[in-house]
Amino acid sequence: MPANVRKFLAQTSVFLRIGTALLGAGALTFVAFTIIFASVLFFQPRGMSLPATVQPIAPAGPQDTILVVAAHPDDEFLGVAGYVAASIKNGAQAYVIVVTNGEASLIADAITKRSLLFPPSFFVKEGNRRPMESLAALSWIGVPKDQVYFLGYPTRELKNLLLRNWSASTPFRSPYTKQSAPPFDMVFDPDARYTGENAVADIRELIERIRPTILLTQGKEDENDDHRAVYYFTQKAMADAGRESGFPSATSTREYFFLIHFRQYSFPGVARFSYELVPPVDFEKNNAQWYSFSLTRELFDLKKQGVAEYKSQLVNPYLKLLLNSFVKRNELLYTEESQ
Ligand SMILES: [Zn+2]
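Anyway, here's the lowdown on the structure attached to this text.

## Quick word on the overall build of the protein
- A tally of helices and strands in the protein yields 10 helices and 8 strands.
- For the protein, buried positions account for 42% of its 339 residues.

In structure tokens, the structure reads:
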């Protein structure tokens, strides 16, 4: 064999060995990451239990009217379905406001840019379908359909209403439906132009009608912009409520917040009665007072059945994990100041 051919073969075998080693290392890294990822998604670490500072909370009673204000059709159920179910069984009234119809959530983050290629009719259809899923889920826990309000404000765009299109002179135009007012079948105020003022006015009007003794809404620490915007709309609506109607807002309504998106807060992503939701260790607001509502096995099963109604969300593998991650033996609420 000529020397240059031998040299070539020797070099090739070195490259092959290096290549094999790299491939092996790559495969090992992949396996390691898969194991770590799977444990975050599916296994609750042992010894992960509620800190002593978390107080138990009892369901509301016959003297109470609960109002849940949520951003998208599913937040209301993931966050507080067990608490609301137990309170209704206990004689409380319950109402739900969902600020958007969820028309642009299905495709979510993965294809945000491409989503503009879908025709507006696609999003209108989504915005008509998702509220039906919420109604079906809420009927499992006894919330009557006529006590659930969808406001139809633009999904994924509430921040614009809050920060840029606040006043009525500049309504926001949805990049999804291409509309500046809700184009959906079943909304509280179909003529409401997309402005922050109108969103607050709708919520305020409902607060004045419903007169909640307990208000449950999304926390301002949530990592989702729509969720945070709903917090601010609701705070403003509560502050405005009652000026004309005599509703004594801030003083007599107990207000609690719930989290949906906060790092890996709710994971593992499987519905399991032995799993417990615990407050995130790195929660920004250190003086929050946390409350845990314990679900009975029966309430857990009801919540699981209800979550199965959100079929449009469950087809997305990530959302399936997220939705199931809220089906645990407890739900967490917090107030903004330690008591
Ligand atoms: Zn949401």
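Once the structure has been displayed, the description carries forward.
## With respect to helix α6 (residues 225–240)
- For α6, spanning 16 residues, the distance from its first C-alpha to its last is 23 Å, which sits close to the expected 22 Å at 1.5 Å a residue.
- At the C-terminal side of α6, G242 shows a positive phi close to 90°.

## Comments concerning the environment of Q305
- Among the secondary structure elements, Q305 is positioned in helix α8 (residues 297–307).
- Classification of Q305 by C-beta neighbours within 10 Å gives partly exposed; the count is 14.
- Counting along the chain gives 164 residues from Q305 to I141, while the straight-line C-alpha distance between them is 9.6 Å.

## Brief notes about the packing of helix α2 (residues 75–89) against α8
- Interaxial distance between α2 and α8 falls to 10 Å at its minimum, and their mutual angle equals 135°. Classed by the angle they form, the pair α2 and α8 counts as oblique. Remark: the crossing between α2 and α8 carries right-handed chirality. Seen from α2, the contacting residues are F77, A81, G82, A85 and A86; seen from α8, they are L299, L302, K303, G306 and V307.
- Partitioned by chemical class, the residues of the contact of α2 with α8 number 7 nonpolar, 2 polar and 1 charged.

## A few points about the pairing of strand β4 (residues 148–153)
- Among the 6 residues that make up β4, 6 are buried, leaving the element largely enclosed by the rest of the structure.
- Residues V148, F150 and G152 point to one face of β4 and Y149, L151 and Y153 to the other, with burial holding for every one of them.

## With respect to the environment of V124
- Here V124 lies in helix α3 (residues 120–140).
- Under the C-beta neighbour-count criterion, V124 is labelled buried, with 21 such atoms within 10 Å.
- In the structure, V124 is positioned 23 residues away from N101 in sequence and 9.2 Å away in space, judged by C-alpha atoms.
- Beyond its immediate stretch of four places on either side in the chain, V124 contacts E103, T177, P183 and F184.

Quick notes on the rules
Residues numbered from 1 in each chain as written. Predicted model: local features only at pLDDT ≥ 70, side-chain atom pairs only at ≥ 80, totals over all residues. Helix = DSSP H or I, 4+ residues; strand = E, 2+ residues; numbered from the N terminus. Buried ≥ 20, exposed ≤ 12 C-beta atoms within 10 Å, placed from the backbone. Expected span 1.5 Å × (residues − 1). Axes fitted to C-alpha atoms, helices over the stretch in contact; angles between N-to-C directions. Parallel < 35°, antiparallel > 145°, perpendicular 65-115°, else oblique. Left-handed = near helix turned anticlockwise from the far one by under 90°. Contact = placed C-beta atoms within 7 Å. Nonpolar A, V, L, I, M, F, W, Y, C, P; charged D, E, K, R; others polar.

Function-wise, these values are silent; they only describe arrangement.
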